[in-house]
Amino acid sequence: MAKTLLKNLSLDELDSWMKELKLPAYRSRQLSEWIYRKRARGFEDMSNLPAGLRKNLEEKATLNSLSLLRSRKSGDGSEKFLFQLEDGESIESVLMPMRKHQTLCISSQVGCAMACHFCETGRWGFRRNLKQAEILDQVLFLMDRAGDSTFNLVFMGMGEPLQNYSTMLGALRILSHERGFGISEKRITVSTVGIPGRIRDLANSGLRVSLALSLVSVDEDIRRVLIPSASKMRIRELLDASEYYADKTQRQVTLEYVLFDGVNDRSKDAKRLREIVQGRPFKLNIIPFNPGETPVEMMLPGIQEARELRRPTPRKIDTFVGRLASAIPSVTVRWSQGSDVGGGCGQLRGRKES
């Protein structure tokens, strides 16, 4: 008989599972505390559970869903981790030190079906959704590495979180519940290319995590080419859904704007961005493009020749941000950390080869 992977269960399901073992409710609370707060690696660590119960749990259940294959340390102090899953697939996560905290960047899928041309994960393709345990085990591992420091948790690794919606939602509930990790919702961010219906579902879920929308371009045609899966997602629909999210949760939505040289850094792009953000509950995060291992050259609407996707020069970035700053006080530039080891935004792929 297959063992039950306990981190795949909701807290209510864990209570029911323990009840089937004829155990009192307080034993379930003790077990969840050992799993999520004390981060026990095995049942033998659960010292306040009777030896007989620990043996019984060992026979019927398991705790861990992934194992570390390799880590790579960046010159900026970030660390990228390659994990192997039970079926042989692999994923990557990143731990990034900031000035006042650390950021835990985790994956929600093996690969990604959104097929963004500027993203290594999207070019790799989609393999499968992650299970709840595989999401939570990434967090537990990175929390161990982060130590006692304050941290933020971002669903910005491999995959589109809203395409793995129900599993991600289950993980979010455990991450934020006092019987789970007890992480403040304001320290958790879900980043999405944009699925309007799911953005509204998340708004209505009762959770108040932060939302980041990867806008990429304000030109509908260019966005569709850069993000082929966005062909049925109008920018207006995404912005309306994001505004609904902000109104429902009382949290500003971050618009993430990956900046490409000569593609979306023109004066007319800045003008349109100002129009989008002004007077709406949005803040703007400019992310200079992180090239992958293979250059990407493509034809883009309104641009005469095939263009290789490149990061603009620092001067061009400053000029673009300067066009925005006078009208948008909440515009920031996010320089991705870990890019020298393939750990920056859009660089994760989960390959096992060295």
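Quick caveat: nothing in here was measured; it's all calculated off a predicted structure.

Trainee: Would you mind going over the packing of aromatic side chains with me for this structure?
Mentor: For the coordinates displayed, the defined rule picks out seven aromatic pairs. Measuring from ring centre to ring centre gives 5.2 Å for Y36 and F181, while their planes differ by 40°; the resulting arrangement is tilted. With Y36 in helix α2 (residues 25–37) and F181 in the loop between α6 (165–176) and β10 (188–192), the pair connects residues that are 145 residues apart, well separated along the chain. Cluster of aromatic residues (ring-pair linked, three or more members): F81, F83 and F141.

Trainee: Any chance you could explain the sheet that holds β10 here in plain terms?
Mentor: Sheet strands pair via backbone hydrogen bonds, and the direction of the pair is either parallel or antiparallel. With mixed pairing, the 10 strands of this open sheet are ordered in space as β3-β4-β5-β6-β9-β10-β11-β12-β13-β16. With one partner strand each, in any of the chains shown, β3 (66–73) and β16 (331–333) form the two edges of the open sheet. Strand-to-strand twist of the sheet, defined as the mean angle between neighbouring strand axes without regard to direction, takes the value 25°.

Trainee: Whenever I open this one, the state of the cysteines confuses me. Can you help?
Mentor: When the sulfur atoms of two cysteines share a covalent bond, that bond is a disulfide. This model, assessed by the stated rule, comprises zero disulfides. C119 takes part in no disulfide bond, and the closest cysteine sulfur to it belongs to C116, at a distance of 6.0 Å. Overall, C119 belongs to the buried group, its relative accessible area being 16%. Free cysteine: C345, not disulfide-bonded; nearest cysteine sulfur from C105 at 6.9 Å.

Trainee: Got a minute to help me understand the confidence of the model for the protein in this structure?
Mentor: Low pLDDT means the predicted coordinates in that region are not meant to be read closely. Per-residue confidence for the protein averages 92 on the pLDDT scale, and 99% of its residues sit at or above 70. Mean pLDDT across the elements of the protein bottoms out in strand β14 (residues 297–298) (80) and peaks in α6 (98).

Trainee: Looking at this model, I keep getting lost on the pattern of salt bridges. Mind explaining?
Mentor: Any two side chains of opposite charge can pair, so long as their charged atoms come close to each other. Counted under the stated rule, the structure contains 22 salt bridges. One salt bridge connects R266 with D269, and the closest N-O pair in it is separated by 2.9 Å. Here the two residues R266 and D269 agree in accessibility, since each one is buried. Within the structure, one salt-bridge network assembled from shared partners comprises R236, D240, E243 and R280.

Trainee: Sorry, what's going on with the packing of helix α1 (residues 11–20) against α2 here?
Mentor: A packed helix pair is summarised by two numbers, namely the angle formed by the two axes and the spacing between the axes. Here α1 crosses α2 at 130°, and the two axes come no closer than 9 Å. Classified by the angle between their axes, α1 and α2 sit oblique to one another. As α1 runs across α2, the sense of the crossing is right-handed. On α2, the residues that touch L11, L14, D15 and M18 of α1 are R27, S28, L31, S32 and Y36.

Reading guide: rules and limits
Residues numbered from 1 in each chain as written. Predicted model: local features only at pLDDT ≥ 70, side-chain atom pairs only at ≥ 80, totals over all residues. Heavy atoms only, no water. Phe/Tyr/Trp six-rings, centres within 6.5 Å; stacked < 30°, edge-to-face > 60°. Helix = DSSP H or I, 4+ residues; strand = E, 2+ residues; numbered from the N terminus. Pairing = 2+ DSSP bridges. Axes fitted to C-alpha atoms, helices over the stretch in contact; angles between N-to-C directions. Disulfide = S-S within 2.5 Å. Buried < 20%, exposed > 50% of the residue type's maximum accessible area, 1.4 Å probe, protein only. pLDDT = per-residue confidence, 0-100. Salt bridge = Lys/Arg side-chain N within 4 Å of Asp/Glu carboxyl O. Parallel < 35°, antiparallel > 145°, perpendicular 65-115°, else oblique. Left-handed = near helix turned anticlockwise from the far one by under 90°. Contact = heavy atoms within 4.5 Å.

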